[in-house]
Amino acid sequence: MPARTTPGRELATASIEESSMAKVAAKGVSKLLTLVTPWVVGLFGFGLAAALHFILYSPESIGAWSSVVTVCVIVLTGVTYGTSHARGPWGKTHTTASTFLAGVWTVAVVNLGPWHPVLWRLGVLGGITMALSWNIRSVIRLKGWDEPGTMADPLSVLFGQGAERAGMKEVEARTVKATAHKVEGEVQLEQGRHTADDLQKKVAYIESGIPLPPGSITTAIDPDDASKAKVTISDPRVMKRPIPWPGASRPGASVAEPVRAGLWQDLDELEYVLVGHHLQVMGQTGSGKSIGGAWNLLGELITRYDVAVFAGDITKGDQTLGPMREALHRFETTKAGVKAMLADLQAQIKPRTNYLAGKGLQKWVKGCGLTYWIVWLEEFPDIFDALTDSEQEKFLSMLKAIRSAGGTIVMSLQRSDYSQMPTLARGQLAKMCFGVDSPADASFGLSERQQDAGARPELWTNAQPGMAYLDAPSIPEERIAMPLRTFAWGMKGDRFDDELANAAMREHAARWPAADKKVDPTTARLSLLTGGTHPRATWPVELEEPREADPEQDEDEEDVRNAAAEYLATDDPDPDVIGDLDDEIPDLPDGEPPLTFAPPEQSMTPQQRGEALLGRLQELWDDDARDFSSGDLKPLWESTDMSRAWVQKQLKRLLAAGVLGGYDDEAQRYLMPDRPEIREEAA
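Residues numbered from 1 in each chain as written. Predicted model: local features only at pLDDT ≥ 70, side-chain atom pairs only at ≥ 80, totals over all residues. Heavy atoms only, no water.

## Some thoughts on the sheet that holds strand E2 (residues 182-188)
Taking strand neighbours across the sheet as the criterion, the four strands line up as E1-E2-E4-E3 in an open arrangement whose pairing is antiparallel. The two strands at the open ends of the sheet, each matched to only one other strand, are strand E1 (172-178) and strand E3 (217-221). For this sheet, the mean angle separating the axes of adjacent strands, direction not counted, is 25°. In terms of strand pairing, E1 meets E2 through six bridges, oriented antiparallel. Counted as the bridge partner of Glu172 is Gln188 from E2. (Pairing = 2+ DSSP bridges. Helix = DSSP H or I, 4+ residues; strand = E, 2+ residues; numbered from the N terminus. Axes fitted to C-alpha atoms, helices over the stretch in contact; angles between N-to-C directions.)

## Re the packing of aromatic side chains
Inspection of every chain in the model, using the stated rule, returns ten aromatic pairs. Relative to Phe384, the ring of Phe380 has its centre 5.5 Å away and its plane inclined at 35°; by these criteria the two rings are tilted. Of this pair, Phe380 and Phe384 both sit in helix H14 (residues 380-386), four residues apart, which is roughly one turn of that helix. Taking the relative accessible area as the measure of exposure, Phe380 reaches 1% and is therefore buried. One aromatic cluster in this structure is built from Trp245, Trp295 and Trp489. Sitting over the face of the ring of Trp621, Arg626 holds its NZ or CZ atom 3.8 Å from the ring centroid. (Phe/Tyr/Trp six-rings, centres within 6.5 Å; stacked < 30°, edge-to-face > 60°. Buried < 20%, exposed > 50% of the residue type's maximum accessible area, 1.4 Å probe, protein only. Lys NZ or Arg CZ within 6 Å of the ring centre and 35° of its normal.)

## Quick look at the environment of Ala440
Considering the arrangement of structural elements, one finds Ala440 in helix H17 (residues 439-445). Residues Ala440 and Glu458, spaced 18 residues apart in sequence, show a C-alpha to C-alpha distance of 9.0 Å.

## Some details on helix H24 (residues 644-657)
The end-to-end C-alpha distance of H24 is 20 Å, a good match for the 20 Å that 14 residues give at a rise of 1.5 Å each. Where H24 is concerned, the buried positions are Trp646, Val647, Gln650, Leu651, Arg653 and Leu654. All buried residues of H24 lie within an arc of 160° about the axis, which places them on one face of the element. In H24, the exposed residues that point more than 90 degrees away from the buried face are Ala645, Lys652 and Ala656. Buried residues belonging to H24 abut helix H22 (606-622), strand E19 (627-628), helix H23 (634-639) and strand E21 (669-671). With its phi angle positive at about 80°, Gly658 sits one or two positions after the end of H24. (Expected span 1.5 Å × (residues − 1). Arc of directions from axis to C-beta. Contact = heavy atoms within 4.5 Å.)

## Digging into the nonpolar core
One finds Tyr272, Leu279, Leu297, Trp376, Met432 and Leu470 to be the most contacted residues of the largest nonpolar core, which totals 64 residues. The dominant element in this core, judged by the number of residues it contributes, is helix H10 (residues 289-301), at five residues. Non-local contacts of Leu470, meaning those with residues more than four positions away in its chain, are made with Trp264, Leu270, Tyr272, Leu279, Lys431, Met432, Gln450, Ile475, Arg479, Ile480 and Leu484. Counting 29 residues, the second-largest nonpolar core is a separate cluster that includes Phe310, Ile383, Leu387 and Met398. (Core = buried A, V, L, I, M, F, W, Y, C linked by side-chain atoms within 4.5 Å.)

## What about the sheet that holds E19?
Read across the sheet, three strands follow the order E19-E21-E20 without closing on themselves; strand pairing throughout is antiparallel. Only two strands of the sheet have a single neighbouring strand rather than two, namely E19 and strand E20 (662-664). Sheet strands touched by H24: E19, E20 and E21. Its angle to E21, the strand with the most contacts, is close to 35°.

## Let's talk about the pairing of E2
Strand residues, when the strand is regular, have side chains that alternate between the two faces of the sheet. From the end of E1 to the start of E2, which pair antiparallel, there are three residues. In the sheet, E2 pairs with strand E4 (residues 228-234) via seven bridges, with the strands oriented antiparallel. Directly across from Gly185, in E4, lies its bridge partner Val231.

## A closer look at H22
If you check H22, its first and last C-alpha atoms are 24 Å apart, about what 17 residues at 1.5 Å a residue would give, namely 24 Å. Every buried residue of H22 is accounted for by Arg609, Gly610, Leu613, Leu614, Arg616, Leu617, Gln618, Leu620, Trp621 and Asp622. Count one or two residues on from H22 and you reach Asp624, which has phi positive near 75°.

Here it is in structure tokens:
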């Protein structure tokens, strides 16, 4: 992937090491002084030993004083060993041996004098060796050989001292994982005084104290320990360039699997599952919320086999979603069209929830038999304003119900304040926030968790299109305040190009047309496709083996269907004839028509009759009926042109096709253990 091979100089490695060396210097010891110190200490030690000889030496008491000096050397050696317990093997051995050898030489000088021909030569040679060993150790110390507990982990010094400068002392950090693009660590806070929330509020000051570019550090709460926090350091500068769209991540997979809509700041892929919740996409004009948000999410979703997208944009029409029209099951750009679509969606929610309940499910799951719905509403405030008060209430009701019926509503807008987004709706939405103009605007696009974690989309405004934060189910806690960048669909060199992007999206949508997807009947009823055919519920009349035409039988069936049409309703021929419930009904004279019939409400094709019969069966099932008799279907032959005989024949076919569960001969009722559904074929 191009974005992974050209990230530039990575903050997580070079910058950390450079800053670590700077912090060592900040302790007050310059590089030159570090190298000179062992030589100065050696000269001081030689002079001290010589002074002790002249002060303590006398033939009568030298033995006693030698014993005292020896005890002092042993004590100093023990203290050195004890205080170097936290150091690595190199550090502990070196410091302890240096103290012991210098002490032994001092005891010898106290007894024999500094100018003894052997002692002063040993002093010079040993002093030079010891000073050089300390110089070598100073040079290799930064490689971690001497102090692996600290310098081998530059994050310990880098973050710890940055936190101290920010006013948080006693902070210990250690690296958990390091890659070419990021360092992940664990921070131990001062117990009883600080929490992860305190650290999150200090992030900007810690970045300043290290120093690092703004947005380099993201923190998260440790769910197992309130005195700890998780921290990630990465380089925000690698996100300043557009990242080319790499193609769909899982074409042909289920919508229940993650979609890849961009890269995180540490260059890991953004994997996001939209199923089971609603989403708010917010950002100022030019921030990339439409091309970056809509195109990347929908560009992935239209490649999944079990999802249908219903979209509306009455503000910009075809500008944003038009290039992907062929892959959308329904796309409305007028007020009337969007209102009708929302009403149609709401009408199908109960049949879907009843269907799921019949399968023992409380929510949509992969493989349940229903096509998942994505309802994408661009410039949502204009759509919501176009609804009447009653329609707005119904929309909010649908927002609460559609999730369990297998649907996600995405609302895209520029500023989600109370005048643009109902408070009830905003509280149920995951948050994807692109660049905004100010911290005040950011508060409407971010979740409280993101705000507490220090997310700052106002740093981008619309100067870095495609940059965003995301807080939603399936997003790890430590990433909700980490910037991400969505992919750019059209690139000319290293720049985004609108014309190339539109061409790329049209080509992509043409490869995944909505008309080629198999969908459930509730989805098929709502789909308005721009071209091609669409799999739809097919009446099982096609299950019957073809038969030769029988003109007489066809004529009889046609006569039965049109019997009612022979008697047309007219005005009351005798309005003076009136009756009461208790009056006798006299016989009609022979030769007169016994009755007059109302004409059928509609003349139907065989396909329409089949769909009407199936609709009646589903209506019975939705009303909790699990069996039925022929009498329950009486409204069909009373209001349509289908006959009782035709209905009986079709019920037999439904039994043979497995649509119905059987027939109880004793009760003379048809059984419906499952909601009647017919097979789907391409019409």
